[in-house]
Amino acid sequence: MKDAPLYLRPRVDPPLASLLQDASFLHALCDALGSPLNVLLPEVVAENAERFRSVYRRHHLAGRVYFAHKANRSSALVRRLAACDPAAVGIDVASLDELRHALGCGFTGERVMATGPKDRDFLWLAARVGATVNLDSAGELDRLAHLVRRYGLGRVDVLVRLSEFEADAGHTGAGTRVLSRRSRFGTPVGRSADVWRALERHADVVELTGLAYHLDTTALEEKARALERCVLLMDECRGRGLRPRAVDIGGGFGVGYVADAGEWERWTTALSEAVLGVRPSLAWRGHGYGLRNEGGTVRGTAALYPAHRSVAGPGYLDALLSRPAPVLGRPPATLLLEHLNDLYVEPGRALVDQCGLSLARVLDVRPTGDDPTRHLVRLGMNAGDVSLEEHGVLVDPVLLPRAGGGDGRHDEPPGGGPVGVHLVGNLCLEADLITRRVVYLPRLPRAGDLLAFVNTAGYAMDFHAHHAQRQPVARTVAVTRGEGAWRWCPDEDYWPLTDPQGVPS
Ligand SMILES: Cc1ncc(COP(=O)(O)O)c(C=O)c1O
């Protein structure tokens with residue numbers, strides 16, 4: 001008997017929705033440029049930046065939105081952001097090559113934030129072009145100061161990245177010490193005095209312009225605590241004669257991938273039931289996504305991104321700024337305003353929400369050996385080309401049938417209609433599964449159909465792409481809507497110019 005389909009259908013907003021409806025355009029692109037293929041909508045990244053800006057306006061806050069470049073390698077997205085208001089939109093680069101790319105796409109150094117651990121060359125170029133260096137440690141500050149002196153560079157703006165925040169007795173009066181998650185990056189707040197001393201030592205070559213954190217969590221409470229602590233530490237710095245002006249709260253605003261809360265609830269409940277053995281497995285070879293059955297009880301933590309989110313992106317920033325902070329009981333937006341601090345954010349995933357999709361051609365469809373109701377669908381892509389699963393993001397692809405039907409070799413499943421399939425990749429490797437779970441599609445695909453994985457621009461599109469077996473890495477195209485039809489160009493050829501070539505507007 002066939003099990004009832006457990007869909008996890010994607011949230012698709014316009015204009016991505018209308019692109020998806022133009023199946024013949026997407027088929028034509030894939031026919032010309034091959035499978036896999038990444039399709040980006042650069043206009044949407046600018047609209048997302050504007051949505052973040054509107055949260056700033058609502059709270060009367062100044063400061064910049066820095067795109068965390070690591071989320072996507074595209075030139076089109078970075079160029080489109082470079083064309084936004086320079087005072088409002090910057091870029092966060094985490095490697096020498098990301099910095100070079102940002103500069104080549106039109107960002108001036110002053111709009112760049114250099115984050116993460118940095119080698120000498122990265123530090124030198126960041127300092128040379130006047131980027132803000134988001135310091136990972138006191139040691140990194142020493143290395144930067146040495147370079148500035150040795151090569152006669154100008155004074156560098158720096159932020160100090162902090163980690164391991166706690167609500168300590170001195171500030172709460174409550175006597176509780178709640179540690180935020182540990183991180184490999186940044187200086188633990190408990191050791192911040194080392195950095196203040198290093199800043200004083202190097203005051204001739206660097207200027208502290210703010211404090212920063214990036215917490216790899218979706219927990220609002222933890223972030224609110226860190227934000228509030230930074231505001232208090234900013235005052236402590238001022239007391240030492242330093243002049244910080246901005247708090248950088250990093251990224252992690254999140255994206256809602258699955259449209260329907262009920263579908264997400266049903267799927268996660270079914271996962272627990274499957275792990276307990278009261279229903280068939282939802283995934284390849286009984287995979288439990290980190291959950292296990294211990295004597296009839298589900299144990300472990302599901303390694304899953306919360307794919308349905310009622311509050312995400314700019315809405316999450318709004319919520320963070322509005323809810324009373326845990327220690328002082330005032331909204332962080334009010335604290336920032338009262339203490340005359342600017343706000344910096346570094347959204348990656350959330351800034352490229354709804355900015356693109358990844359297409360894969362269906363190459364082969366065959367029944368699995370052990371279950372005639374389940375099929376293996378082999379795609380012209382591998383798990384590196386759409387790394388949703390790698391990031392724990394579970395969301396269904398959209399089937400785009402080829403007009404005129406398939407090749408006639410495959411029958412519809414008994415009764416037709418919805419079908420559970422395993423999506424497998426093009427590598428000669430057992431582990432190359434596009435998704436480990438059974439994916440339900442409205443009907444069995446045929447060779448020649450396309451599957452569109454929507455909303456892949458954040459980390460899923462090219463973060464893990466590789467050349468194993470010399471399989472082709474996806475080409476990336478930028479699409480824009482013009483005069484009733486979609487226009488495309490290679491990602492590297494996109495520039496944010498709207499008037500026709502050579503014609504003054
Ligand atoms: C320092 C820093 N800022 C921003 C981000 C972006 O995070 P997200 O894509 O979750 O917004 C990251 C992600 O790793 C990061 O390390």
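Described in the following lines is the structure provided in the data block. Computed from a prediction, not measured in an experiment: that's the story for all the values here.

Reading guide: rules and limits
- Residues numbered from 1 in each chain as written.
- Predicted model: local features only at pLDDT ≥ 70, side-chain atom pairs only at ≥ 80, totals over all residues.
- Heavy atoms only, no water.
- Near = heavy atom within 4 Å.
- Polar contact = N/O pair within 3.5 Å; in protein donor to acceptor, adjacent residues only side chain to side chain.
- Areas by Shrake-Rupley, 256 points an atom, 1.4 Å probe, with all protein chains shown as cover.
- Phe/Tyr/Trp six-rings, centres within 6.5 Å; stacked < 30°, edge-to-face > 60°.
- Helix = DSSP H or I, 4+ residues; strand = E, 2+ residues; numbered from the N terminus.
- Buried < 20%, exposed > 50% of the residue type's maximum accessible area, 1.4 Å probe, protein only.
- Lys NZ or Arg CZ within 6 Å of the ring centre and 35° of its normal.
- Lys, Arg positive; Asp, Glu negative; His and termini not counted.
- Salt bridge = Lys/Arg side-chain N within 4 Å of Asp/Glu carboxyl O.
- Pairing = 2+ DSSP bridges.
- Right-handed = clockwise from strand over helix to strand, strands pointing away.
- Contact = heavy atoms within 4.5 Å.

1. Thoughts on the site of the ligand
For the ligand, the full set of nearby residues is Ala-68, Lys-70, Asp-92, Arg-161, His-214, Gly-251, Gly-252, Glu-346, Pro-347, Gly-348, Arg-349 and Tyr-459. Here an oxygen atom of the ligand sits 2.9 Å away from a polar atom, N or O, in the main chain of Arg-349. In the environment of the ligand, an oxygen atom lies 2.5 Å from a nitrogen or oxygen atom belonging to the side chain of Tyr-459. For the ligand, the protein covers 83% of the area, taking 390 Å² as the surface of the free molecule.

2. Concerning the packing of aromatic side chains
Applying the stated criterion to the full structure yields seven aromatic pairs. A ring pair is formed by Phe-52 and Phe-253, whose centres lie 5.5 Å apart and whose planes are at 70 degrees; its orientation type is edge-to-face. Highlighted residues: Phe-52 in helix α3 (residues 42-58) and Phe-253 in the loop between β9 (246-248) and α11 (261-276), separated in sequence by 201 residues. Note on Tyr-257 and Tyr-305: the rings are 5.6 Å apart at their centroids and 80 degrees apart in plane angle, and the pair reads as edge-to-face. Linking Tyr-257 in the loop between β9 and α11 with Tyr-305 in the loop between β11 (297-299) and α12 (314-322), this pair joins segments that are 48 residues apart in sequence. Considered together, Tyr-257 and Tyr-305 belong to a single accessibility category, that of buried residues. A cation over a ring is seen here: Arg-53 above Tyr-56, with NZ or CZ 4.6 Å from the ring centre. Lying over the aromatic face of Trp-495, Arg-79 brings its terminal NZ or CZ to 3.6 Å of the ring centre.

3. Describing the side chain of Arg-53
Take Arg-53: it is sitting in helix α3. Although Arg-53 lies buried, it forms no salt bridge, and the closest oppositely charged side chain, Glu-50, sits 5.9 Å away as judged by the N-O distance.

4. So, the pattern of salt bridges
Two side chains bearing opposite charge may form a pair once their charged atoms approach each other closely. Overall, the coordinates contain 31 salt bridges when judged by the stated rule. Across the pair Arg-201 and Asp-142 runs a salt bridge whose closest N-O atoms are separated by 3.3 Å. With Arg-201 in helix α9 (residues 192-201) and Asp-142 in helix α7 (residues 138-150), this pair connects stretches of sequence that are 59 residues apart. Taking relative accessible area as the criterion, Arg-201 reaches 52% and is therefore assigned exposed. A residue is classified by how much of its surface remains accessible, and Asp-142, at 32% relative accessible area, is partly exposed. Residues Glu-207 and Arg-243 are paired through a salt bridge, measuring 3.8 Å at the closest nitrogen-oxygen approach. Here Glu-207, found in strand β8 (residues 206-212), pairs with Arg-243, found in the loop between α10 (220-239) and β9; they are 36 residues apart in sequence, far enough to count as distant. Since its relative accessible area comes to 17%, Glu-207 is described here as buried.

5. Remarks on the pairing of β8
For β8, a buried count of seven out of seven residues is recorded, marking the element as mostly surrounded by other parts of the structure. The pairing of strand β6 (residues 156-163) with β8 spans six bridges and is classified as parallel. Across the sheet, residue Leu-159 finds its bridge partner in β8, namely Gly-210. Sheet analysis places β8 next to β9, joined by three bridges and oriented parallel. Note that in β9 the partner of Gly-210 across the bridge is Ala-246. In this fold, β8 hands off to α10, which returns the chain to β9; that crossover is right-handed.

6. A short note on helix α2 (residues 23-33)
Among the residues of α2, those classed as buried are Ala-23, Phe-25, Leu-26, His-27, Leu-29, Cys-30 and Leu-33. Two residues or fewer after α2 comes Gly-34, characterised by a positive phi angle close to 90 degrees.

7. Overview of the side chain of Ser-163
Looking at the element boundaries, Ser-163 is found in strand β6. The class of Ser-163 is buried, set by a relative accessible area of 3%. Of the polar contacts made by the side chain of Ser-163, one reaches the backbone oxygen of Phe-185; its length is 3.4 Å. Ser-163 has contacts with Ser-183, Phe-185, Gly-186, Thr-187, Pro-188 and Val-189, leaving out every residue within four places of it along the chain.

8. Description of the environment of Arg-111
Examined against the element boundaries, Arg-111 turns out to sit in the loop between α5 (96-104) and β4 (112-114). The exposure class of Arg-111 is buried, given its relative accessible area of 4%. In the structure, Arg-111 is positioned 98 residues away from Thr-209 in sequence and 14 Å away in space, judged by C-alpha atoms. Contact partners of Arg-111, with chain neighbours within four places excluded, come to Arg-64, Tyr-66, Leu-81, Ala-82, Cys-84, Asp-85, Pro-86, Val-89, Gly-90, Ile-91 and Gly-106. Looking at Arg-111, its side chain comes within polar contact range of the main-chain oxygen of Cys-84, at 3.4 Å.

The quantities given are spatial measurements derived from coordinates; they are silent on function.
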